[in-house]
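Chain by chain, the residues run as shown.
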Amino acid sequence: MASVNASSYRVVALTLLAIAAANERTHKYNKGDEVTVWVNKIGPFHNPQETYPYQSLGLCKAGEEPKQKSEGFGALLNGDMLVDSGISMGFRDDVNNRVLCSMTVGEDQVSTLTDAVEEHYWYQMYVDDLPVWGMVGEVMVPQGKEGAEEQAFIYTHRDFSISFNGKRIIEVNLKSGTPVPILKGQKLDFTFSVKWTSTSQKFSARFDRYLDSGFFEHKIHWFSVFNSVMMVVFLCGLVSLILMRVLRSDYSRYREDDDMEMEHMGDETGWKLIHGDVFSQPKLLELYASIIATGYQLFVLTFWGILISVVGSLYSTRGSIPSMILVCYAITSFVSGYTGGSFYKRYGGKFWKNQMALSAVLFPGVCLSIIVFLNMVAIMYDSQPAVSLNALLAVIAIWLFLATPLLFVGTLIGKNMTEELDFPCRPSRYRRPLPRKQWYTHPVTLGVLGGILPFGSIFIEMYYAFTSFWNYKFYYVYGFLFLVYCILIVVTICVTIVCTYFLLNAEDYRWHWTALMAGGSTAAYVFLYAVYFFFNKTHMYGVMQTAFYFGYIAIFCFALFILTGTIAYIGTSIFVHRIYYYIKSD
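On a predicted model such as this, the values are computed, not experimentally measured, just so you know.

1. Considerations on the sheet that holds strand E1 (residues 34-44)
Part 1 of the argument: A sheet is described by the order of its strands in space; here 4 strands give the open sequence E2-E1-E4-E5, paired in antiparallel fashion. Each of the sheet's edge strands pairs with one partner strand only, and the pair in question is strand E2 (83-90) and strand E5 (130-135). Averaged over all pairs of adjacent strands, the angle between strand axes in this sheet comes to 30°, irrespective of strand direction.
Part 2 of the argument: Where E1 lies against E2, 5 bridges are found, and the strand directions are antiparallel. Bridge pairing in E2 places Val-35 opposite Met-89.

2. Here we look at helix H16 (residues 522-536)
Part 1 of the argument: Look at H16: 21 Å from first C-alpha to last across 15 residues, which is about the 21 Å you get at 1.5 Å a residue.
Part 2 of the argument: When H16 is considered as a whole, its buried residues turn out to be Thr-522, Ala-523, Val-526, Tyr-529, Ala-530, Phe-533 and Phe-534. The buried residues of H16 occupy an angular sector of 145° when projected down its axis, which confines them to one face. For H16, the exposed residues lying more than 90 degrees away from the buried face are Leu-528 and Phe-535.

3. Looking at the packing of helix H10 (residues 352-380) against helix H17 (residues 543-581)
Part 1 of the argument: Here H10 crosses H17 at 175°, and the two axes come no closer than 10 Å. Comparing their axes, H17 and H10 come out roughly antiparallel. Contacts from Leu-362, Phe-363, Val-366, Cys-367, Ile-370, Ile-371, Leu-374, Val-377 and Ala-378 in H10 reach Met-544, Ala-547, Phe-548, Gly-551, Tyr-552, Ala-554, Ile-555, Phe-558, Ala-559 and Ile-562 in H17.
Part 2 of the argument: Looking at side-chain class alone, the contact of H10 with H17 contains 18 nonpolar, 1 polar and no charged residues.

4. Some details on the packing of helix H7 (residues 285-311) against H10
Part 1 of the argument: Direction vectors running N to C along H7 and H10 enclose 50°, while the axes themselves pass 9 Å from each other. Viewed along their axes, H7 and H10 adopt a mutual orientation that is oblique. Read as a crossing pair, H7 and H10 show a hand that is right-handed. Between H7 and H10, the residues in contact are Glu-286, Leu-287, Ala-289, Ser-290, Ile-291, Ala-293, Thr-294 and Leu-298 and Asn-354, Gln-355, Leu-358, Ser-359, Leu-362 and Phe-363, respectively.
Part 2 of the argument: For the contact of H7 with H10, the residue count by class is 8 nonpolar, 5 polar and 1 charged.

5. As for the side chain of Gln-545
Part 1 of the argument: Position of Gln-545 among the secondary structure elements: in helix H17.
Part 2 of the argument: Owing to a relative accessible area of 0%, Gln-545 belongs among the buried residues under this scheme.
Part 3 of the argument: A distance of 2.9 Å separates the side chain of Gln-545 from the backbone nitrogen of Gln-49, its partner in a polar contact.

About the criteria used
Residues numbered from 1 in each chain as written. Predicted model: local features only at pLDDT ≥ 70, side-chain atom pairs only at ≥ 80, totals over all residues. Heavy atoms only, no water. Pairing = 2+ DSSP bridges. Helix = DSSP H or I, 4+ residues; strand = E, 2+ residues; numbered from the N terminus. Axes fitted to C-alpha atoms, helices over the stretch in contact; angles between N-to-C directions. Expected span 1.5 Å × (residues − 1). Buried < 20%, exposed > 50% of the residue type's maximum accessible area, 1.4 Å probe, protein only. Arc of directions from axis to C-beta. Parallel < 35°, antiparallel > 145°, perpendicular 65-115°, else oblique. Contact = heavy atoms within 4.5 Å. Nonpolar A, V, L, I, M, F, W, Y, C, P; charged D, E, K, R; others polar. Left-handed = near helix turned anticlockwise from the far one by under 90°. Polar contact = N/O pair within 3.5 Å; in protein donor to acceptor, adjacent residues only side chain to side chain.

Here it is, written out as structure tokens:
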């Protein structure tokens, strides 16, 4: 009796293991195991963000209450909502023209379906976490009626072609067919077929077919990166040559003996005369410190995020990129607190709590405001990108209970480990009056012109990034992105150092905000390019899609402004500290 019970337990255990092994989490199936076909969203092809639940078209469904797949946090932020399509298929079991459901087109459905077909509505499905896409219908001339007016047809048949290797699904293809005219009272029988074929392709390479290597690895892409590298080499050499010759001449003049220096003091001009003002507090110190603190955080976040993307294939997992960005941002809040507290203390700031609070809400507050606005627009259109209240509350909880405490700890450490007014030259109590200067040395001019070369070094990569995000492509060339990021850092620093030298040589000590604006103006040129891209490289239309496009672009450009402005400040600060370290400031 005991042996029978033991055998029964073994059978039950093996059965449970087999059931557990045959699912989407392990991506392993046995012959005949159910393979669920999930439907995600539907919407106009030219408007990537204008998507709606698949059931919004009122098409028939196999069950009354289709089950919804439990999604991860990143997928919810991405606007994904997978629902069982009702298409029943077994692993390695062929199906031929099986009826899914039937319906009769009502009077109110004619206009809805016709509009969907005329606006090129597409839908997205997932089979074992592999995406497939199909069109709802097509506008065409009825077969056999040449010269007749075009008419909207809806596809009623889906043909799945699935390749497998052992117990794993490798490739899924979908073809739509059997067009039926959309007429009142027309009966629609939705059918599907499934054909399974064996393949030798490895499971680890099954997502490669979604990567458009012909587009991303084109010779033009390689040439643009090579061109940017050459520009960096030339620019660094030019900056080094100019500064070495000019500064060497300045130092040789400033290091003359005391008698000669006293004799010619009245004729001396240039950056040395403002040594008592160059390290004075920048205006709006709390705001400036908060921007720099956020910039340091974004600098580390970008570097970290790109490296993670290079090592792992985040593009193959739905919602992984938003999750990675959110978690990394929360963790790097310590960097923001430390750098902000240190900078604020060094320049003699007294209200460190205000600065810390501003750092905590500056970037998240702007992003949350834009996202809430876009969420309201999506709700007005009953669109799927509307982020649920639970998802928003989860984001706020991460910011409140993880990011903010790390920011607070970083601020305390930063301000306690930094000495006040720790500069090569002692700041003067009273600032010198600013002399009149040439237009090309004005801070506004330098700020506007400073972003041209950095933008020129990245605009080709912006084209590839925008195309992948707005035109249904998977961006995967993170090695290119890392190289372009390094080029952007070097170009921004070199250009801003030259702008700062011109400013200081004109006896203008307002280099903090000038450096920030010179580097941050790159974002303004990116925004202008985004406007050009919208009108010339896409076919987007409608209030909702326009709002989402420029809303996302506004968040990206705001982050880029803080990032490049901080990079400019870092390089310029090192330069200014070095040149004033070697002069006699007494």
